[in-house]
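Here are the chains, one letter per residue:
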Amino acid sequence: MIAENETLDFSRLRQLTNKLREKTATSDETIELLMILLNEDAITSDQFEDFQNGENVEQLLDAALSMSSILLLGDVLGKLAKQL
């Protein structure tokens, strides 16, 4: 989890998610997205290591898209709830 004094950069998460979805993400951007998800406990360190070792890559990238979408949805819902 990101430390309390830090906040998740949802704008960057959105950019990286879109790039991964469009299959235009560089290797560094993909790793950056996975690191964000790892820090948010959305993936495990074992999954991240598997990715680095070239194991279960497609499955993990599909899961990364799902998890990042859930985090982004949470952000939108949180903003809507504040407006009520």
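The model shown is predicted, which means the values in this text are computed figures rather than measured ones. (Residues numbered from 1 in each chain as written. Predicted model: local features only at pLDDT ≥ 70, side-chain atom pairs only at ≥ 80, totals over all residues. Heavy atoms only, no water.)

Counting 18 residues, the largest nonpolar core has Leu13, Leu20, Leu33, Leu34, Leu37 and Ile43 as the members making the most contacts within it. Setting aside residues up to four positions removed in sequence, Leu13 forms contacts with Leu8, Leu33, Ile36, Ser68, Leu71 and Leu72. (Core = buried A, V, L, I, M, F, W, Y, C linked by side-chain atoms within 4.5 Å. Buried < 20%, exposed > 50% of the residue type's maximum accessible area, 1.4 Å probe, protein only. Contact = heavy atoms within 4.5 Å.)

Looking now at unusual backbone geometry. Despite not being glycine, Asp41 has its phi angle at roughly 60 degrees, a positive value. Considering the arrangement of structural elements, one finds Asp41 in the loop between α2 (27-39) and α3 (45-52). Even without a glycine there, the phi angle at Asn56 is positive, about 55 degrees. Considering the arrangement of structural elements, one finds Asn56 in the loop between α3 and α4 (57-83). (Helix = DSSP H or I, 4+ residues; strand = E, 2+ residues; numbered from the N terminus.)

Right, let's get into a nonpolar patch on the surface. Together, Leu73, Val76, Leu77 and Leu80 give the surface a local cluster of nonpolar side chains, amounting to about 360 Å² of exposed area. Among the structural elements, Leu73 can be located in helix α4. (Patch = residues over 30% accessible without salt bridge, like charges linked within 9 Å, V, L, I, M, F, W, Y side chains within 5 Å. Areas by Shrake-Rupley, 256 points an atom, 1.4 Å probe, with all protein chains shown as cover. Salt bridge = Lys/Arg side-chain N within 4 Å of Asp/Glu carboxyl O.)

So, on to the packing of helix α1 (residues 10-21) against α2. At a closest axis distance of 10 Å, the pairing of α1 and α2 adopts a crossing angle of 125 degrees. Taken together, the axes of α1 and α2 are oblique relative to one another. For the crossing formed where α1 meets α2, the hand is left-handed. Taken together, the residues of α2 that come into contact with α1 (itself represented by Arg12, Leu13, Leu16, Thr17, Lys19 and Leu20) are Glu29, Thr30, Glu32, Leu33 and Ile36. Each residue belonging to the contact of α1 with α2 can be placed in one class, and the counts come to five nonpolar, two polar and four charged. (Axes fitted to C-alpha atoms, helices over the stretch in contact; angles between N-to-C directions. Parallel < 35°, antiparallel > 145°, perpendicular 65-115°, else oblique. Left-handed = near helix turned anticlockwise from the far one by under 90°. Nonpolar A, V, L, I, M, F, W, Y, C, P; charged D, E, K, R; others polar.)

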